[in-house]
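Fold and geometry: a report
Chain residues, written in single-letter form:
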Amino acid sequence: MKSLELGEILSPVGNKEMLYQAIHNGADAVYCGTPKLSLRSRSELNDDDLPKTIEYAHSIGKRVHVAINIFAWDETYEEIKKQAKFLNDLKVDAIIVADGGVVDIIREYAPDTEIHISTQANTVSYHTCKFWHRNGAKRIILGRELNKEQIKEIILLIIYKHNNENIRKENILFLNV
């Protein structure tokens, strides 16, 4: 990870070529997902590609985050459980989620993996940040609807109200560009 003042340069990837381009052009980490369990519907990656992707990135000191950021129907949870365990076994660096039920599954089936909250969760308040943190989130990507002043307000509340609870501002604010 680059210095905390700068944050982490995280790049989306949907195939091997994009992975190589992102990593060799300065990304600290990449995120991907399979079309079935993520909102990355144009991704060309599948479960067979994930072990090679993670192994390659880790071999050169880069992180891999995998999205399971669908809003899950009950009939999807068995597949989510399998995917969570699979990703935990692969030692993926983080799983990006948007659904509270999926967070529960990740906590149970991928206990060694960080939980990051997707911008798709539309987190737009300090109280929601606090909720996600209490439920295991290590990073929260704020909703795209927020302007700079609203983001600043959330960050200030985090700094002043919860600095002692180990909610770190650098794990809350990440720009969606």
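Above this text sits the structure in question.
In this text, all values refer to a predicted model and were calculated from it rather than measured experimentally. (Residues numbered from 1 in each chain as written. Predicted model: local features only at pLDDT ≥ 70, side-chain atom pairs only at ≥ 80, totals over all residues. Heavy atoms only, no water.)

Comments concerning the packing of aromatic side chains
For the coordinates displayed, the defined rule picks out two aromatic pairs. Both rings, one in Tyr-20 and one in Tyr-56, keep their centres 5.1 Å apart while their planes meet at 85°; by these two values the pair is edge-to-face. A residue pair is termed long-range when its members are at least 10 positions apart, and Tyr-20 in helix H1 (residues 16-24) and Tyr-56 in helix H2 (residues 50-59) qualify at 36 residues. Given a relative accessible area of 35%, Tyr-20 falls into the partly exposed group. With a centroid separation of 5.2 Å and 65° between ring planes, the pair formed by Phe-131 and Trp-132 is classed as edge-to-face. (Phe/Tyr/Trp six-rings, centres within 6.5 Å; stacked < 30°, edge-to-face > 60°. Helix = DSSP H or I, 4+ residues; strand = E, 2+ residues; numbered from the N terminus. Buried < 20%, exposed > 50% of the residue type's maximum accessible area, 1.4 Å probe, protein only.)

Details of the environment of Ile-158
With respect to the helices, strands and loops of the structure, Ile-158 is situated in helix H6 (residues 148-162). Since its relative accessible area comes to 2%, Ile-158 is described here as buried. Note: C-alpha distance between Ile-158 and Cys-129 (29 residues apart in sequence) is 8.6 Å.

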